[in-house]
Amino acid sequence: MKRKLLSFLFVWMISILTVWSQNRTVTGLVTNGSEPIIGATVAINGSTTGTTTDENGKFSLNIPEAGATLKIRFLGMTAKEIVIDQNSPTTGLNIVLVKDPLMLDEVRVTAIGEQISLRKIGYSTSQIQGKSVASSGESGVIQGLSGKVSNLAITKNSGDPGAGAFIQIRGQSTITGNLQPLIVIDGVPMSNSSIGGGTDGVVQQSRLNDINPEDIANVEVLKGAAAAAVWGTRASNGVIIVTTKKGKRSSKKNNINVEVSSSLALDFINKEYEKQSTYGQGTGGKWKANAGGSWGDKIALRSGADSLNLNGAKFVAENGNVYNPILKKGDNQVYNNANKDQVFRTGVTYNNNISISSGNEKSAIYFNLSDWNQQGVLNGNSDYRRTTGRLNYTHNLNDKFKFSLNTFLSKIFSNRIQQGSNLDGLYLGYLRTAPDFNNTDYTGTYYDAAGIPVFNSHRGYRNYMGSAAPTYNNPGWTLNKQTNTSDVTRVIITPEASWEWAKKSILTVRTGYDISNDRRITYFPYLSASSLSLIHISEPTR
């Protein structure tokens, strides 16, 4: 029997070595001649085997020993095929892709907002159509660009509805300085600030999220230093140029186009931190009330019911549930799922848009009205509603003079949740809660032994009777009792006049008016974990 087993293992190992020896590894670098290409596809022609280049433009791919034909592709570049036989080198390949000649006549938007043929631009640029941004289902323009432009990194600040995002073009260039690119809308620099927030507060909104993605005609990402020359040091990290939609002139009568869209999106939590369910609250293998750790006794070995003191103090929850002091812990239930359901829900987003455009031989007009209504995945005061209106008008006075006026109004109201390293925040109380403690009843009335009530008491795992503020907030208290609202009104007006004073010579005068008012209310009820009873109202205006 042992000989048969050894023989089987020997044959199995020989088979593995034989299969392994029939493959070779090909490594290399894909560039555009001057810089690496991130995300280029390197595949074996005629098969489904392939890989993509990393952030340095490098790749590694296993091919058959007999050789293969590699096909290298990237959007906007001409695909290239490389034949590798048994005598070909397989390491350090340097592959250069060139731009697709069929795309050379495309029109691009320059750093000053003028349209020009792609072949006349002497710097790196990438264009994304507005439909691609709007179809992403994201609430903001920046998040809608994620994954659509090479060398453009976009990281959400949080999962809060309407939260801002970190934008970075071509990697880290400074440790302490600003890395955000300049944002230009219809030729005028605009604010993309997120004033306030931090690890111990709420995530503030990005002002670029005030713009409705359905209004976007295209977005241009300019990466080269030459592209930023016109804007000076403000554009040292690149420029993102947003061009909004406009009506089209037409000689036809009754030229009116109407577009109506409505969508519903659902958001789910697909992954969260794994929590242990073996040991209860306490230390040293023993249950202890209000303990900070979860190294108590094994929950499964308990009797099944708590021994209670029915003649002392008590806590009466809002739903009528009564909690008495525990003399001996016997409850053997695990409440991880109940506590999870208290914190998370299915997020719902309604997005409704209507746009009307029209034009005649001299004038064109575009109008859009939209309403974005989002309920976040956090089961409480987490929502974001944005109502916007846009009116863009263009008029040709004659063959030489043209006037245009772009106007935009945005009204936003949102609720945010305290986050991060914060006694009043959500996750500290949620993740530290012992598996044998049920967070469901977080508020009610505490009665001391003499029957004196304390209304609006706060019950948490660090104070299960609600006699005082717990060390960390009960997640339900953070989600439903605390208030962090933001009420934003933003107005953008961009008038422009142009005069063609000579052939192929145009004088353009453009200005912009961009003002926003953000009225924020932060409220910490009495008996919050930080022992604060605070109302703070601020109105930053930009």
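Every value quoted in this text rests on a predicted model; they were computed, and no experiment measured them.

### Comments concerning the overall build of the chain
On a plain count of helices and strands, the chain comes out with 6 helices and 33 strands. Long-range contacts, defined here as pairs at least 24 residues apart, represent 62% of the contacts in the chain between residues at least 6 apart. Of the roughly 28500 Å² of accessible surface on the chain, 55% is carried by carbon and sulfur atoms.

### Focus on unusual backbone geometry
In this model, Asn 290 sits at a positive phi of 65°, which is unusual for a non-glycine residue. Mapped onto the secondary structure, Asn 290 falls in the loop between β19 (286-287) and β20 (307-308). Even without being a glycine, Leu 527 presents a positive backbone phi close to 80°. Among the secondary structure elements, Leu 527 is positioned in the loop between β32 (513-524) and β33 (534-538).

### Remarks on the sheet that holds strand β7 (residues 93-96)
Read from one edge to the other, the open sheet built from 3 strands follows the order β4-β1-β7, with strand pairing classed as mixed. A single partner strand is all that each edge strand has here, and the edge strands are β4 (58-64) and β7. The sheet shows a mean angle of 35° between the axes of neighbouring strands, direction not considered. Alignment of strand β1 (residues 23-31) against β7, held across 4 bridges, turns out to be parallel.

### Comments concerning helix α4 (residues 336-343)
Residues of α4 that are buried: Asn 336, Asn 339, Gln 342 and Val 343. The arc that holds the buried residues of α4, viewed along the axis, is 120°, so those residues lie on one side. Exposed side chains of α4 directed beyond 90 degrees from the buried face belong to Asn 337 and Asp 341.

### Things to note about the packing of aromatic side chains
Inspection of every chain in the model, using the stated rule, returns 6 aromatic pairs. Ring centres of Phe 401 and Trp 499 lie 5.9 Å apart, and the angle between their planes is 5°; this geometry places the pair in the stacked category. One end of the pair, Phe 401, is in strand β27 (residues 401-415); the other, Trp 499, is in strand β30 (residues 483-502), and 98 residues separate them in sequence. Classification of Phe 401 by relative accessible area gives partly exposed; the value is 37%. Among the aromatic residues, those joined into a ring-pair cluster are Tyr 273, Phe 344, Tyr 427 and Tyr 430. Here Lys 314 stacks its cationic end above the ring of Tyr 447, 5.5 Å away from the centre of that ring. Lying across the ring of Tyr 323, Arg 459 places its NZ or CZ 3.9 Å from the centre.

### Notes on the environment of Leu 152
Inspection of the secondary structure puts Leu 152 in strand β11 (residues 152-156). Separated by 15 residues in sequence, Leu 152 and Ile 167 place their C-alpha atoms 7.3 Å apart. Once residues within four sequence positions are removed from consideration, Leu 152 is found in contact with Leu 145, Ile 167, Gln 168, Ile 169 and Val 221.

### Let's talk about the sheet that holds strand β21 (residues 314-317)
Hydrogen bonds between backbone groups are what pair the strands of a sheet, and the pairing can be parallel or antiparallel. With antiparallel pairing, the 4 strands of this open sheet are ordered in space as β22-β21-β28-β29. The open sheet has two edge strands with one neighbour each: β22 (322-323) and β29 (453-458). As paired elements, β21 and strand β28 (residues 443-447) share 4 bridges and run antiparallel to each other. Bridging across to β28, Val 316 finds its partner in Thr 445.

### Quick look at the nonpolar core
Counting 24 residues, the largest nonpolar core has Ile 142, Leu 145, Leu 152, Ile 211 and Ile 240 as its most contacted members. Of all the secondary-structure elements, those providing two or more residues to this core are α3 (141-144), β11, β12 (165-169), β13 (182-185), β15 (216-222) and β16 (239-244). Residues in contact with Leu 145, not counting those within four places in the same chain, are Ile 128, Val 133, Leu 152, Ile 154, Val 219 and Ile 240. Membership of the second largest hydrophobic core comes to 17 residues, among which are Ala 40, Ile 63, Ala 68 and Leu 97.

### Structural notes on the environment of Ala 235
In this structure, Ala 235 sits in the loop between β15 and β16. Note: C-alpha distance between Ala 235 and Ile 183 (52 residues apart in sequence) is 8.7 Å.

### Observations concerning the environment of Val 96
Assignment of secondary structure puts Val 96 in strand β7. A relative accessible area of 32% means that Val 96 is categorised as partly exposed. Residues Val 96 and Glu 35 lie 61 residues apart in sequence; the distance between their C-alpha atoms is 9.7 Å. What Val 96 contacts, discounting residues up to four positions off in sequence, is Thr 31, Asn 32, Gly 33 and Lys 80.

### Focus: a nonpolar patch on the surface
Taken together, the side chains of Ile 256, Val 258, Val 260, Ile 354, Ile 356, Ile 365, Phe 367, Leu 369, Leu 391, Tyr 393 and Phe 403 define a hydrophobic patch exposed on the protein surface, amounting to about 910 Å² of accessible area. Broken down by secondary-structure element, the contributors of at least two residues to the nonpolar patch are β17 (256-267), β24 (347-359), β25 (363-375) and β26 (383-396). As for its placement among the helices and strands, Ile 356 is situated in strand β24.

### Quick word on the pattern of salt bridges
One pass over the full model with this rule turns up 13 salt bridges. We note a salt bridge from Arg 385 to Asp 371, for which the minimum N-O separation is 3.1 Å. Here the residue Arg 385 occupies a position in strand β26, and Asp 371 occupies one in strand β25, the gap between them amounting to 14 residues. Judged by its relative accessible area of 15%, Asp 371 is buried. Glu 496 is the salt-bridge partner of Arg 510, the closest N and O atoms lying 2.9 Å from each other. Note that Arg 510 is positioned in strand β31 (residues 505-510) and Glu 496 in strand β30, a separation of 14 residues in sequence.

Here is what the cut-offs are and how they apply
Numbering of residues starts from 1 in every chain and runs along the sequence as written. Local features are withheld for residues below a pLDDT of 70 in this predicted model, meaning they are given only at 70 or higher, and side-chain atom pairs are given and counted only at 80 or more; totals for whole chains, interfaces and linings count all residues. Excluded from the side-chain calculation are hydrogens and water; included are all heavy atoms of the structure. Under the DSSP-based scheme used, a helix requires at least four consecutive residues in state H or I and a strand at least two consecutive residues in state E, with every element numbered from the N terminus. In what follows, residue pairs with any heavy atoms lying within 4.5 Å of each other are defined as contacts. Only the protein chains shown count as cover for residues, and all accessible areas are computed by the Shrake-Rupley method using a 1.4 Å probe. When DSSP finds two or more bridges between a pair of strands, those strands are recorded as paired. With axes taken as lines fitted to C-alpha atoms, and helix axes fitted only over the stretch in contact, angles between N-to-C directions fall between 0 and 180 degrees. When a residue's accessible area, from a 1.4 Å probe over protein chains only, is under 20% of the maximum for its type it is buried; when over 50% it is exposed; and in between it is partly exposed. Each C-beta atom gives one direction from the helix axis, and the arc is the one those directions make. Any two of the Phe, Tyr and Trp rings considered here, Trp counted by its six-membered ring, make a pair once their centres fall within 6.5 Å; the pair's planes then place it as stacked at under 30 degrees, edge-to-face at over 60, or tilted in between. Either the NZ atom of lysine or the CZ atom of arginine qualifies as a charge over a ring when it sits within 6 Å of the ring centre and within 35 degrees of the ring normal. Here, nonpolar core means buried Ala, Val, Leu, Ile, Met, Phe, Trp, Tyr and Cys residues that are tied together by side-chain atoms lying within 4.5 Å of each other. For patch detection, residues must exceed 30% relative accessible area and be free of salt bridges, and they are connected within 9 Å for like charges or within 5 Å for nonpolar side chains (Val, Leu, Ile, Met, Phe, Trp, Tyr). By salt bridge we mean one thing: a side-chain nitrogen of Lys or Arg within 4 Å of a carboxyl oxygen of Asp or Glu.

Shape descriptors only; they carry no functional weight alone.
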